[in-house]
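As a plain string of letters, each chain reads:
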Number of protein chains: 2
Amino acid sequence: MADPLTNLIRTYHELNAAVVDELDEQPSALEFMRHVAANRPFVVPRAIRDWPAFQKWDANYLRHLMGREEVKVAITSLGNADAVVESKEDDSLVFVEPYEVFEPFGEFLDSIQRSSSSTTEVGHVKYAQTQNDNLRHEYASLLPDVPTDIPFARIALGQNADAINLWIGDDRSTTALHKDNYENIYCQIRGEKDFVLLSPVEMPCVNEQLLARGRYAPVPPAADAATTFYDGGKYDDSGVEALEVQLDSDAERVPVATWDPDEPEKRTTAWSSLAKPLRVTLREGDMLYLPCFWYHKVSQRVGDEGFVCAVNYWYDCSFEGSSFASHSFVRDVYLAEQRRPEYPELKVGGETEGG
Amino acid sequence: MADPLTNLIRTYHELNAAVVDELDEQPSALEFMRHVAANRPFVVPRAIRDWPAFQKWDANYLRHLMGREEVKVAITSLGNADAVVESKEDDSLVFVEPYEVFEPFGEFLDSIQRSSSSTTEVGHVKYAQTQNDNLRHEYASLLPDVPTDIPFARIALGQNADAINLWIGDDRSTTALHKDNYENIYCQIRGEKDFVLLSPVEMPCVNEQLLARGRYAPVPPAADAATTFYDGGKYDDSGVEALEVQLDSDAERVPVATWDPDEPEKRTTAWSSLAKPLRVTLREGDMLYLPCFWYHKVSQRVGDEGFVCAVNYWYDCSFEGSSFASHSFVRDVYLAEQRRPEYPELKVGGETEGG
Ligand SMILES: O=C(O)CCC(=O)C(=O)O
Ligand SMILES: O=C(O)CCC(=O)C(=O)O
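Please read these numbers as outputs of a predicted model, since none were measured by experiment. (Residues numbered from 1 in each chain as written. Chains lettered and ligands numbered in written order. Predicted model: local features only at pLDDT ≥ 70, side-chain atom pairs only at ≥ 80, totals over all residues. Heavy atoms only, no water.)

Novice: Can you break down the sheet that holds strand 3 (residues 70-76) of chain A residue by residue, with the values?
Specialist: Residues and elements named next belong to chain A. In space, the nine strands of this open sheet follow the order 1-2-17-10-19-8-7-3-6, with mixed pairing throughout. Only two strands of the sheet have a single neighbouring strand rather than two, namely strand 1 (21-22) and strand 6 (99-104). Note: strand 10 (residues 182-190) against strand 17 (residues 287-290), four bridges, orientation antiparallel. Note that in strand 17 the partner of asparagine 184 across the bridge is leucine 290. Across the sheet, helix 5 (residues 105-117) is in contact with strand 3, strand 6, strand 7 (125-128) and strand 8 (163-169); its angle to strand 6 comes to roughly 115°. (Pairing = 2+ DSSP bridges. Helix = DSSP H or I, 4+ residues; strand = E, 2+ residues; numbered from the N terminus. Contact = heavy atoms within 4.5 Å. Axes fitted to C-alpha atoms, helices over the stretch in contact; angles between N-to-C directions.)

Printed below as a string of C-alpha cells:
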C-alpha cells in the first residue's frame with residue numbers, strides 16, 4: 001500500500017486529465033463558477049482580441065502615453081526575479097528578490113527592445129512586474145484600454161478585481177514556480193508566455209524549503225563580503241554595475257518551492273516524480289484562468305516589436321469550505337513526514353545490538 | 001504542535017461558522033454553484049410552499065392515489081434501518097439493514113398513523129425509505145405533484161436529478177450517521193426532520209469501522225443460532241413476529257461511521273471531541289441543500305396527521321478537482337494513524353534493555 005501522499009497525488013491524476021481545458025469563448029459566470037468549484041484552469045484562445053489594448057498597444061503608442069512616466073523596474077542578472085539562487089560557495093539556496101530602480105518608461109522600453117534585437121551579450125535583465133495593481137496606478141494612462149473587470153469573474157465571484165497588473169519584459173525573464181492566493185485571469189497582449197502549472201495537491205512534489213532571503217544589489221556593496229555571494233551579470237547597459245546577491249540575515253526565512261518542473265531530476269522529493277505538470281502557451285490575444293493556490297512557472301518570448309506584454313486580474317480566493325484547509329493539511333502531512341525519524345526495525349522479543 | 005488531522009479540523013472550523021446558512025428564497029443557479037463550490041449546506045425556509053405536494057398531500061389524498069399500490073417497507077425493531085447495532089452477547093457491532101416487505105400503501109399508512117396516535121407500546125417500526133428513485137417508480141402516481149427537477153440545481157450542475165426519493169415514516173425512525181455521493185436537495189412536506197451534519201473533513205471524528213453485515217429477520221429464523229443475536233421488538237401489528245438480527249457471515253465487511261453526535265462520549269476517536277455538528281430542523285415547506293460527502297443523521301417528528309413525509313432530489317457529485325481526492329486523503333491519513341505502531345522512545349548511544 002502506497003503512503004497517503006502518493007495515493008493523494010495518484011488519485012488526483014486519475015480523476016483529472018493532465019491537460020488545460022480549452023474553451024471556444026469566454027464562459028458565462030455560471031460556467032466559470034464550475035471551473036472555480038473544481039479549481040481547474042482553462043484557456044480561451046483569442047478571447048481578448050477586441051480589447052483596445054490588443055489592437056493598439058505597440059511600442060509607439062505605449063511610448064506616447066507612458067514615455068516620461070517613472071516606472072518601477074526589477075533588475076536581475078539572469079531574469080530571475082523572486083527566484084531560488086544557488087550559492088557559489090556552498091550548496092545553500094537563497095530566495096532572491098530583484099534590485100529595483102525607477103526609470104522613465106521610454107528608457108525602460110528602449111532597453112527591453114534593444115536586448116531583444118541584440119545578437120551579442122546584453123546587460124542585466126529588466127522586468128516591469130510590480131504586481132501591486134500597477135495598471136490602476138503607475139500605468140493608469142493605459143487603463144482605459146482594458147476592461148475595468150472581467151465580467152464573468154466579477155459576477156461569479158461577486159467582487160471586483162483586487163488588482164490589475166501589467167507585465168512587460170523580454171525573453172530572458174522567467175517567473176519561478178510559486179503560488180498565489182488569487183483567482184487569476186491572465187491575458188496575453190504581445191509576445192507569448194509558457195505556463196507550467198501544478199495543482200495544489202502536488203505540493204509534496206515541489207520541495208518547499210525555508211530559505212534565507214536576499215536581494216540583488218550593485219557591486220560593490222557596503223556589506224560584509226562574508227554575507228554575500230556573487231552571481232553577477234557580465235555587461236551592463238543601465239547604469240547598474242555588476243549585481244550580486246546580498247543576504248538579508250535579519251529577515252525571517254520564507255517557504256519557497258525549490259523543485260523546477262523543467263529540471264525534474266534536480267532537487268527532488270520522494271514525490272516529485274508523481275507530478276504531472278500542465279503546460280499551456282498563451283499567444284497574443286489568449287486568456288488563461290489560473291485557479292487559486294496553483295503553482296505556476298512562467299517564461300516568455302517577445303512579439304514582433306521585441307517585448308512581451310500581458311495584463312492580469314487578481315480576485316481574492318474564497319477560504320470557505322474545505323479547499324484551503326485541505327491544502328494546508330497536505331502541507332502539514334508532508335512536513336510531518338519530513339520530521340518523522342526513521343526508526344530501526346523493531347525486533348520482537350530478541351537480540352539487541354551494542355548496549 | 002498538534003497532529004495534522006487536529007490542525008485540519010480546527011482550521012476548517014476557524015474558516016467556517018458552525019451554522020447552516022439560511023437563505024430568504026431559492027438561490028439562482030450561480031448562487032447555488034457558490035455553495036457547491038464551498039461544499040456548504042443551506043436551508044431555505046418555506047421554499048416549497050407552492051408545490052402541489054405541499055398543498056395536497058394529506059392522508060386521504062395519498063390513500064386515494066396510492067392506496068392499493070404495493071410499496072416496499074423497511075421494518076426494524078427500533079427505527080434503525082441501515083444502522084449500527086450492538087451485539088447483546090459481546091461488544092461487537094454489526095451494520096444492520098431492515099427487514100423488507102411489500103404491502104399495500106393504504107395498510108402501510110394506517111400502521112404509521114396508528115403508531116403515532118397510540119399511547120401504549122406499538123409494533124415494529126416501519127419506514128418507506130427505498131432511496132431508489134421510488135417517486136418515479138413505486139410512487140409514480142404522486143410524481144405530478146412535485147417538480148420534475150429543482151431548476152437551480154439542474155442548471156448549475158448541468159444535469160437532471162439522478163433520483164427522486166419519497167420518505168414516509170413516523171417519529172421512531174432515525175437514519176444513522178452516514179454520507180452519500182450525491183448533491184442532495186431535501187424538501188420537507190409533512191412533519192419535521194432534525195438533521196445533524198458533519199463536514200467531510202470531520203471524517204476522523206466519526207470512528208469509521210469495518211463492520212460485519214446483518215439484516216433484521218422474523219423469529220424463528222432457519223439460521224444457526226450462533227450467527228444471530230436478539231435485538232427484538234416486543235409487540236407486533238404487521239404479521240411480523242419478533243425480529244432478530246441475522247448475521248451475513250459471507251458478506252464483505254463495510255466501513256460504517258460508528259460515532260453518534262448525539263452520544264458524543266461513546267465510541268469516540270482521538271478527534272471526536274473536535275467535531276462541531278451543524279444542526280438544522282426542517283419544518284413543513286422547508287428545503288435543505290446537503291452537499292456531497294457530508295455526514296448526516298436524521299430524526300423526525302410527525303405532522304398533524306401522524307406521519308412524516310419528505311421528497312429529496314439526488315444529483316451526481318463531481319469528482320473533478322481535488323475535493324474527492326482530498327477527502328480520501330484524510331481517510332488514508334486517519335487509517336495510517338490507526339496502523340502506526342507506538343515506537344518506544346529511542347535511546348541515543350546508550351543502554352538497551354533485555355537482550
Ligand atoms: O507573467 C509572469 O511572469 C508571472 C505571472 C504570475 O506569476 C501571476 O500572474 O501570478
Ligand atoms: O430522511 C431520512 O431519514 C434520511 C435522509 C437521507 O439520508 C438522505 O436524504 O440521504
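What follows picks up the thread again.
Novice: Explain the pattern of salt bridges to me, using residue names and the numbers behind them.
Specialist: Following the criterion strictly, the structure yields 36 salt bridges over all chains and no others. Across the pair Asp170(A) and Arg172(A) runs a salt bridge, and its minimum N-O distance is 3.1 Å. Residue classification places Arg172(A) among the partly exposed positions, given a relative accessible area of 26%. The closest approach of N and O atoms between Glu100(B) and Lys72(B), which form a salt bridge, is 3.6 Å. (Salt bridge = Lys/Arg side-chain N within 4 Å of Asp/Glu carboxyl O. Buried < 20%, exposed > 50% of the residue type's maximum accessible area, 1.4 Å probe, protein only.)

Novice: Break down the side chain of Glu103(A) for me, with residues and values.
Specialist: Residues and elements named next belong to chain A. By the secondary structure assignment, glutamate 103 is in strand 6. Residue glutamate 103 is classed as buried on the basis of its relative accessible area of 10%. Apart from residues lying up to four places away in sequence, glutamate 103 is in contact with Glu69, Glu70, Val71, Val73, Phe108 and Lys126.

Novice: Describe the state of the cysteines, naming the residues involved and giving the relevant values.
Specialist: Structurally, a disulfide amounts to a covalent bond that connects the sulfur atoms of two cysteines. All names here are of chain A. Applying the stated criterion across every chain yields a total of two disulfides over all chains. For cysteine 292, the disulfide goes to cysteine 317, at an S-S distance of 1.9 Å. Across the S-S bond of cysteine 292 and cysteine 317 the torsion is about -120°, and the bridge reads as left-handed. Of the two residues, cysteine 292 is situated in the loop between strand 17 and strand 18 (295-301) and cysteine 317 in the loop between strand 19 (308-316) and helix 7 (323-339); the sequence distance between them amounts to 25 residues. Summarising the burial analysis for this pair, cysteine 292 and cysteine 317 share the class buried. (Disulfide = S-S within 2.5 Å.)

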